[in-house]
Amino acid sequence: MLHHIHHKYNKEHTLSPFAGLAFHPLDGILQAIPYCLLLFLVPMHFLTFELLLFATGIWTTNIHDCIHAKIAPVMGAGYHTLHHTVYNKNYGHYFIYMDKLHHTLFTPEEDDERRLQRQK
């Protein structure tokens, strides 16, 4: 179900900075739940919370702009583009640590190697 609602508006051939802000309403609600729960676990000033939400909006635009800056361990557009083409890799938010831990990391370099192998 998550795959259906998450990828309904974010297809690999439509990635753009605007695609990061175009999502199914249920997907938006599911993505907002961790931020709301965070307020109960880590009390913070309202402005801090708003700045975190703003940073997430900037981040979302960044990972959908198809410009891979190659700044490890930051999960940039190169990683996230692969998430939209492979679908079962690169779930991380800001960094690649959790994908490494759960063996779901697929690097742009691995994708380049895979493409070269197919051409041979």
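Our subject is the structure that appears above.
The structure displayed is predicted, hence computed values, not measured ones.

On to the pattern of salt bridges, then. According to the stated counting rule, one finds 2 salt bridges in the structure shown. The shortest N-O distance in the salt bridge between D111 and R114 comes to 2.5 Å. Separated by 3 residues within a single helix, D111 and R114 lie in helix α6 (residues 108-119), roughly one turn from each other. On the basis of relative accessible area, D111 is assigned to the buried category, the value being 5%. The shortest N-O distance in the salt bridge between R115 and D111 comes to 2.9 Å. With R115 and D111 both in helix α6, this residue pair falls 4 residues apart, about one helical turn.

Each value, and the rule that gives it
Residues numbered from 1 in each chain as written. Predicted model: local features only at pLDDT ≥ 70, side-chain atom pairs only at ≥ 80, totals over all residues. Heavy atoms only, no water. Salt bridge = Lys/Arg side-chain N within 4 Å of Asp/Glu carboxyl O. Helix = DSSP H or I, 4+ residues; strand = E, 2+ residues; numbered from the N terminus. Buried < 20%, exposed > 50% of the residue type's maximum accessible area, 1.4 Å probe, protein only.

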